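Given next are the chains, with one letter for each unit.
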Amino acid sequence: MEKKIVVIGAGIAGLSAGCYARMNGYAVDVFESHTIPGGLCTAWRKGDYTIDGCLHWLMGSSGADPFNKFWRELGAVQNRKFHDHEAFYRFTNLDGRTFILYCDADRLEKHMMELSPDDAETIHYFCNLIRKFSRHTMSQDKAYELFNVFDVLGMMWKMIPVMKDFKYCLRTSLKEFADRFRDPFLREVFPIILNVGEMSILAIISTMAALNNKAAGFPTGGSLEFSKSIEKRLLELGGKIYYRKKVKKILVADGKATGIMLEDGSEVAADYVISCTDLHATLDKLLGGNYGCPQHEELFTGEKIYPSSVQVSFGVNMDLSEEPDCVSDLYKLREPIEIGKRKMEWLGIRNFSFDPTLAPKEKT
């Protein structure tokens, strides 16, 4: 008789957990409070327009990337086109100067040299880091917690060519790296590439390496269609998904999860429970605050929260496909906008005309 796993949440994590549980011979029930799959990986319809709310790029979109095999196993990339942007970010200053973070490292270096010749050394170092990490892709055939000593030694051996650079990137923030530039424009925009200046520069280097390899494209059809493809895979594998079913608590007996209770009071027994909702909801609500640990407390109190954002979307009666092709186009505002206690000095615009499925013909 199959052992049963109950998964809480039908976001990408929950759908993926359900798929792999089925691949490994478990009966699977996924419970989702919403009416559709995807969680945060979603989109909305407004008339004939699709308003995308999540994916900017997908790591592992290329078949040559090691992570791609997981998306294939989840049925997420088969027969799906990906759009590889010409540039990642574009920054336009009030004086008209524009810094374009081209996805191609060679083109990026040429552009940056034209923009600020005095920063040649830093520019060359930055673009060389992208090239190095582009050539160095880690195999990802098992979860780190399943590594044995030989796996660890093998990983360390593969890391030798980039170990020095990896350590530098890991301990250097975007803000600290930005201070190496002489050009004030580059110093200003580098810390806001990923919205958090305190973030390790490893985040932007690894992202740019994937973009340089054309392994971080946007999935045509958008975020919700991407989620639905994994939902389809789970159902084909024999998993079950129950929508409009909000989980009230995880049932525990003798320190072991034994199932879940839904909001209507009904109970579902299980051999294992995988909670794919957020950590706070899992610990404080579903487990009644009884199973926290120092590592969790450190995350809640010590880690900085990623800044929130506001997205305003428009269906435009114009074909904007001739506009610059980038993930995000940012413009310095003459007058900053205050939102709460934050002063916003840059406005980011995303033009989705690269995906013709998201709007009617000749519209954007």
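Just so it is clear, the model here is predicted, and its values are computed rather than measured.

Thresholds, definitions, all that
- Residues numbered from 1 in each chain as written.
- Predicted model: local features only at pLDDT ≥ 70, side-chain atom pairs only at ≥ 80, totals over all residues.
- Heavy atoms only, no water.
- Disulfide = S-S within 2.5 Å.
- Buried < 20%, exposed > 50% of the residue type's maximum accessible area, 1.4 Å probe, protein only.
- Helix = DSSP H or I, 4+ residues; strand = E, 2+ residues; numbered from the N terminus.
- Arc of directions from axis to C-beta.
- Contact = heavy atoms within 4.5 Å.
- Pairing = 2+ DSSP bridges.
- Axes fitted to C-alpha atoms, helices over the stretch in contact; angles between N-to-C directions.
- Salt bridge = Lys/Arg side-chain N within 4 Å of Asp/Glu carboxyl O.

Draft legend 1. Structural view of the state of the cysteines. Scanning all chains against the criterion turns up zero disulfides. In this structure Cys-54 is not part of a disulfide, and its nearest cysteine sulfur, from Cys-41, lies 4.2 Å away. With relative accessibility at 24%, the residue Cys-54 sits in the partly exposed group. Free of any disulfide, Cys-169 has its nearest neighbouring cysteine sulfur in Cys-127, separated by 13 Å.

Draft legend 2. Layout of helix H3 (residues 105–115). Of all the residues in H3, the buried ones are Ala-105, Leu-108, Glu-109, His-111, Met-112 and Leu-115. Mapping the buried residues of H3 onto a view down its axis gives an arc of 165°, with all of them on the same face. For H3, the exposed residues lying more than 90 degrees away from the buried face are Lys-110 and Glu-114. Elements that come into contact with the buried residues of H3 comprise strand S7 (98–102), helix H4 (120–135), helix H8 (184–189) and helix H9 (201–212).

Draft legend 3. Expanded view of unusual backbone geometry. For Asp-254, which is not a glycine, the phi torsion comes out positive at approximately 55°. Within the secondary structure layout, Asp-254 lies in the loop between strand S10 (247–253) and strand S11 (256–262). Asp-254 sits in the exposed class, given a relative accessible area of 84%. Positioned with a positive phi, Glu-362 is a non-glycine residue whose angle comes to about 65°. The topology assignment puts Glu-362 in the segment after strand S15 (342–349).

Draft legend 4. Representation of the sheet that holds strand S6 (residues 87–92) within the structure. Read across the sheet, four strands follow the order S7-S6-S14-S15 without closing on themselves; strand pairing throughout is mixed. The open sheet has two edge strands, S7 and S15, and neither has a second partner. Along the sheet, successive strands turn relative to each other by an average axial angle of 25°, direction set aside. Sheet topology places strand S14 (residues 326–339) next to S15; seven bridges connect them, and they run antiparallel. The partner of Ile-339 across the bridge, within S15, is Arg-342.

Draft legend 5. Main features of the pattern of salt bridges. Under the criterion given, the structure shown has 13 salt bridges. Here Arg-90 and Asp-329 are joined by a salt bridge, their closest N and O atoms 3.5 Å apart. Highlighted residues: Arg-90 in strand S6 and Asp-329 in strand S14, separated in sequence by 239 residues. Of the two residues, Arg-90 and Asp-329, both sit in the buried class. Between Lys-110 and Glu-114 there is a salt bridge whose closest N-O contact spans 3.0 Å. Linking Lys-110 with Glu-114, this pair stays in helix H3, spanning four residues, or about one helical turn. With a relative accessible area of 55%, Lys-110 lands in the exposed category.

Purely geometric stuff here, so don't read any function into it on its own.
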